[in-house]
Amino acid sequence: SLTAGIVGLPNVGKSTLFNAITQAGALSANYPFATIDPNVGIVEVPDHRLHKLTELVKPQKTIPTSFEFTDIAGIVEGASKGEGLGNQFLSHIRQVDAICHVVRCFSDDDITHVSGRVDPISDIETINLELILADLETVMKRYPKVEKMAKQKDKDATYEFEVLEKLKDALEAEQPARSVEFTKEQMKYVKSLHLLTSKPILYVANVGEDELLDVENNAKVQQVKEYAANEGASVIVVCAKVESEIAELQGEEKQEFLDELGIEESGLDQLIKTSYDMLGLATYFTAGEKEVRAWTFKKGMTAPQAAGVIHSDFERGFIRAETVSYDDLVNAGSESAAKDQGKVRLEGKEYLVKDGDVIHFRFNV
Ligand code: GDP
């Protein structure tokens, strides 16, 4: 399954945030094995639609879908020079599908900052530079060979060489691959390189507990937002310390605490949702008397592929998907009412599943 990796310099609040993730996962009855791999934290994907469906269908149980975060260890600085733990850092990043970069914005004189002062942009650049240098190496490994073939008028090589040159220029100017615009055709060559700086990235600005309510006027947060906007990345603001407290609560208790803090949604919930979205993931539901359940699929999946998320037999034996959108179902008030209103569609093999679809799969065994 797809995973987002948590990175950051030392002392920025990574472990505090990751502990909040594992704590939240450990409270979930649905993922009792959530802590087998200490570097992976499994969390439930918060979705208010699941509660609404539960009210409507009154199933015996309700099961949310889940999402995985990976804690990325290793030494950041000098990583691209390929020294020991630094190398490990890069190889871990290679294995994740998106990056959540925690950036220290909180001031706390008791907690040492690695570079001696809290400077979010310089922190971001420190890590990004290592990734950029590693990518430049990847590009330059391929460069001479493709250049030679392009000179011999090989058509594919000519196209690829154009891509490599664009990447080389950007990376040499210390810009990430994701900031370069490519055509759809060119993207195929970019993808084949598996670059670190073309993975989607989310900056997590970690502010102090007293700053949580006024992030609009927080200069450091604004700096991070500007930086992110330049490369088309998103930013969320959390207070890792507060998240670790919220993660110990569930249900009403959690809501009360959030109300007390004056925040609508926990930073962790925002982190989960944004990461999910960043990876191109979406949710469909199955709803029956036994269980109402949310399932994760990749946007663009056909009905049989989405059925395969439940079980490979569902994909192989797929006949059709009886589908109603969440909104139509809720507006109708029940499945039979939705049927009467003609809102339940019979979709075939070519159907592209949409976020919020409520589906009964029909299949041959
Ligand atoms: P890591 O090295 O990036 O994993 O950082 P840690 O999570 O270990 O945090 C380093 C120190 O900063 C710890 O003492 C944390 O308690 C503290 N810390 C983390 N987040 C916050 C925060 O939001 N506010 C304050 N005041 N301290 C924090």
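Cut-offs used in this document
Residues numbered from 1 in each chain as written. Predicted model: local features only at pLDDT ≥ 70, side-chain atom pairs only at ≥ 80, totals over all residues. Helix = DSSP H or I, 4+ residues; strand = E, 2+ residues; numbered from the N terminus. Rg over C-alpha atoms; globule rule 2.2 N^0.38 Å. Buried ≥ 20, exposed ≤ 12 C-beta atoms within 10 Å, placed from the backbone. Contact = placed C-beta atoms within 7 Å. Pairing = 2+ DSSP bridges. Axes fitted to C-alpha atoms, helices over the stretch in contact; angles between N-to-C directions. Expected span 1.5 Å × (residues − 1).

1. Here's the deal with the overall build of the protein chain
Check the secondary structure of the protein chain and you find 14 helices and twelve strands. For 365 residues, the compact-globule estimate of 2.2 N^0.38 gives 21 Å, and the protein chain sits close to it at 23 Å. In terms of overall dimensions, the protein chain has a C-alpha envelope of 60 × 60 × 35 Å along the principal axes. In the protein chain, which comprises 365 residues, the proportion classed as buried is 37%. In the protein chain, 67% of the contacts between residues at least 6 apart in sequence involve partners at least 24 apart.

2. Considerations on the pairing of strand β9 (residues 291-298)
Examined bridge by bridge, strand β3 (residues 61-63) and β9 share three bridges and lie parallel to one another. Bridged to Lys61 within β9 is Glu291. What sits between strand β8 (residues 281-287) and β9 in their antiparallel hairpin is a turn of three residues.

3. Let's talk about the sheet that holds strand β5 (residues 98-104)
Across the sheet, six strands lie side by side as β2-β4-β1-β5-β6-β7; this open sheet has mixed pairing. If you trace the sheet from one side to the other, it starts and ends with β2 (40-44) and β7 (234-238), each paired once. Across the sheet, the axes of successive neighbouring strands diverge by a mean angle of 25°, strand direction being ignored. Note: strand β6 (residues 201-206) against β7, five bridges, orientation parallel. Its bridge partner lying in β7, Ala205 is registered against Val237. Its contacts with the sheet put helix α4 (residues 120-151) on β1 (3-7), β5 and β6, and the angle it makes with β5 is roughly 145°. Across the face of the sheet, helix α7 (residues 219-230) comes into contact with β5, β6 and β7 while running at roughly 160° to β7.

4. Points about α7
The first and last C-alpha atoms of α7 sit 17 Å apart over twelve residues, in line with the 16 Å expected at 1.5 Å per residue. Its buried side turned inward, α7 meets β5, α4, β6 and β7. In the segment just after α7, Gly232 is the residue with positive phi, at about 70°.

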